[in-house]
Structure formats: structure tokens, C-alpha cells
Amino acid sequence: MTSILRTIEFLALSVWLGSDVFLSFVVAPGAFRVLAPNRDQAGAIVGFSLTRMHLSGIALGIVFLLVRLVRTRSFASFVTPAALCVVLMIALTAISQYTVSAKMAALRMQMGSIQATTADSPLLAEFSRLHTVSVSLESGVLLAGFAAMYLMVRELVAGR
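Per chain, residue numbering runs from 1 following the sequence as it is written. Confidence filtering applies because this is a predicted model: local features only for residues at pLDDT of at least 70, side-chain atom pairs given and counted only at 80 or more, and all residues used for totals across whole chains, interfaces and linings. Excluding hydrogens and water, the side-chain figures rest on all heavy atoms present in the structure.

Draft legend 1. Structural context of the overall build of the chain. Within the chain one finds four helices and zero strands. Here a helix means four or more residues in a row that DSSP labels H or I, a strand means two or more in a row labelled E, and each is numbered from the N terminus. Mapped from its N terminus to its C terminus, the chain presents α and β elements in the order α-α-α-α. Projected onto its principal axes, the C-alpha coordinates of the chain cover approximately 60 × 25 × 20 Å. Whether a residue is buried, partly exposed or exposed follows from its accessible area with a 1.4 Å probe, protein chains only, as a fraction of its type maximum: under 20%, in between, or over 50%, in that order. When burial is assessed residue by residue, the chain has 39% of its 160 residues classed as buried. Partitioning the contacts of the chain with sequence separation of at least 6, the portion at a separation of at least 24 is 72%. Surface exposure here means Shrake-Rupley accessible area, sampled with a 1.4 Å probe, where a residue is shielded only by the protein chains that are shown. Roughly 8900 Å² of accessible area belongs to the chain as shown, and the carbon and sulfur atoms make up 72% of that amount. The positive count covers Lys and Arg only, the negative count covers Asp and Glu only, and His and the chain ends enter neither. To locate a charge, the coordinates of NZ of Lys, CZ of Arg, CG of Asp or CD of Glu are taken. Distance between charge centres in the chain, computed from 12 positive and 7 negative side chains, equals 10 Å. We call two residues contacting when some pair of their heavy atoms lies within 4.5 Å.

Written as C-alpha cells, this is what we have:
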């Protein structure tokens, strides 16, 4: 049973990391390349995908933590380095989804069209700033996820 539970932990983290990498390095650049004449449509596709990835990431993080709790039968497993990385991933993702992405969506609605908004618009400047914050948060999620994966492998080798 321990092997199955550990496999679910690895799977939850792997699926989350894989979706983040795929969205960041395939979907987003692809949408903006394919839909180059209409950046608003590309942004809508990326925004939709990002929301789905965030929600599934939070769910996968919770699954990871619950399965870890069942496997170890100890709340102390929540303060292991790997689990703390996953908690950080959940926190960064929630901040990105419920604050940064929400503000970006509101700005998009105010502008009507990002593509048609003048370059000197304060709304566009704020949107660009929030986009930078969003990218930083996603980078943090990826780094914490890679660290968690490494730490999980280290735990496995150490027999914990």
C-alpha cells in the first residue's frame, strides 16, 4: 500500500509540473504565434488554460498532502521539505489565481481590447506589471515543484 500511495504523490506532483511546463512553454507561446494578428484571442486562450491549470494544480497539491498524510500517518509529514515545497506551490498558485489573474481579468474588461489599447495607457501599464508578477509566481511554482520532486526522490532513497 505504501508504494501505491507514494506513486500517487509522485503522480500528483508530476502532472502538476507537467501541465505548468506545457502551458508555459507550449500553449502560451503557441497561442500568441498562431493567433498573432489577434493577441486578444491568444490572451483569452492562455487565460482560460491558466485558470484550469491553477485549479487543477491546487487540487493536485491537496491530493498530494492528503495522500502523504495517509501514507505516513503523521501530521509531521506536512513539515518535511518536500511537503513544504508543495504547500508553497499551492500558496503561490492561489495568489496567482485569486489576486493577480483576477485583477488582470478586470483590467482586460476595462480596456475592452488589450491590442487596441494605446501604449501609454495606465491600464495597460498595470496589466503589464501584473503579467510580470504572474510570470514570477509561475516560475516560483516550477522551482518549488522541481525542488519537491528532488526532495521526494531523496526521501525514497533514504527510505522514509
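Draft legend 2. The nonpolar core, seen in detail. Only buried residues count toward a nonpolar core, which is a set of Ala, Val, Leu, Ile, Met, Phe, Trp, Tyr and Cys residues joined through side-chain atoms within 4.5 Å. Judged by nonpolar contacts, the single largest core of 30 residues is most densely connected at Leu13, Val86 and Met89. Contributing elements (two or more residues each) for this core: α1 (2-34), α2 (39-72), α3 (81-111) and α4 (122-158). Residue contacts for Met89: discarding those within four places in its chain leaves Leu13, Trp16, Leu17, Val141, Ala144 and Gly145.

Draft legend 3. Structural context of α1. A helix is expected to span 1.5 Å multiplied by its residue count minus one. Between the first and last C-alpha of α1 there are 45 Å, a value that for 33 residues agrees with the 48 Å anticipated at 1.5 Å per step. Each residue is assigned a bend, namely the angle between axes fitted to the seven residues that terminate at it and the seven residues that start at it. Along its length, α1 shows its largest kink, about 40°, at Leu23.

Draft legend 4. A look at the side chain of Ser134. Mapped onto the secondary structure, Ser134 falls in helix α4. Here Ser134 is in contact with Leu50, Ser96, Val100 and Met104, once residues within four sequence places are set aside.

Draft legend 5. Layout of a nonpolar patch on the surface. There is a patch of nonpolar side chains on the surface, built from Val21, Phe22, Phe25, Val26, Leu143 and Phe146 and spanning about 620 Å² of accessible area. Elements represented by at least two residues in the nonpolar patch include exactly α1 and α4. Broken down by element, the nonpolar patch gets its largest block of residues, four residues, from α1. Relative to the elements of secondary structure, Phe25 occurs in helix α1. The residues that make up patches have over 30% relative accessible area and no salt bridge, and they are joined within 9 Å when like-charged or within 5 Å when they are Val, Leu, Ile, Met, Phe, Trp or Tyr. Any Lys or Arg side-chain nitrogen located within 4 Å of an Asp or Glu carboxyl oxygen qualifies as a salt bridge.

Draft legend 6. Just the packing of aromatic side chains, in detail. Pairs were defined over the aromatic rings of Phe, Tyr and Trp, the Trp ring being its six-membered one, requiring ring centres within 6.5 Å. Orientation was assigned from the angle between planes: stacked under 30 degrees, edge-to-face over 60, tilted for the rest. The full count for this structure, using the stated rule, is one aromatic pair. Summarising the aromatic geometry, the rings of Phe75 and Phe78 are spaced 5.9 Å apart at their centres and angled 65° between planes, so their arrangement reads as edge-to-face. Classification of Phe75 by relative accessible area gives exposed; the value is 63%. Look at Phe78 and you get partly exposed, because its relative accessible area is 23%.

Draft legend 7. Main features of the packing of α2 against α3. Lines fitted to the C-alpha atoms define the axes, with helices restricted to the stretch that makes contact. Angles between their N-to-C directions range from 0 to 180 degrees. Close contact between α2 and α3 brings their axes to 9 Å; oriented N to C, the two are set at 155°. On the basis of their axis angle, the class for α2 and α3 is roughly antiparallel. Every pair of crossing elements has a handedness; the one defined by α2 and α3 is left-handed. Facing Leu50, Thr51, His54, Leu55, Ile58, Gly61, Ile62, Phe64, Leu65 and Arg68 of α2, the residues of α3 in contact are Ala82, Ala83, Val86, Val87, Ile90, Thr93, Ala94, Ser96, Gln97, Tyr98 and Ser101. The residue classification treats Ala, Val, Leu, Ile, Met, Phe, Trp, Tyr, Cys and Pro as nonpolar and Asp, Glu, Lys and Arg as charged. All others, Gly included, are polar. In terms of residue class, the contact of α2 with α3 is built from 13 nonpolar, seven polar and one charged. Put simply, angles under 35 degrees are roughly parallel, angles over 145 are roughly antiparallel, angles from 65 to 115 are roughly perpendicular, and the rest are oblique. Should the near helix be turned counterclockwise from the far one by less than a right angle, the crossing is left-handed, whereas a clockwise turn marks it as right-handed.

Draft legend 8. How the structure looks around the side chain of Ser96. The residue Ser96 is located in helix α3 in this model. On the accessibility criterion, Ser96 (0% relative accessible area) is buried. The residues contacting Ser96, other than those within four sequence positions of it, are His54, Ser101, Ser134, Leu137 and Glu138.

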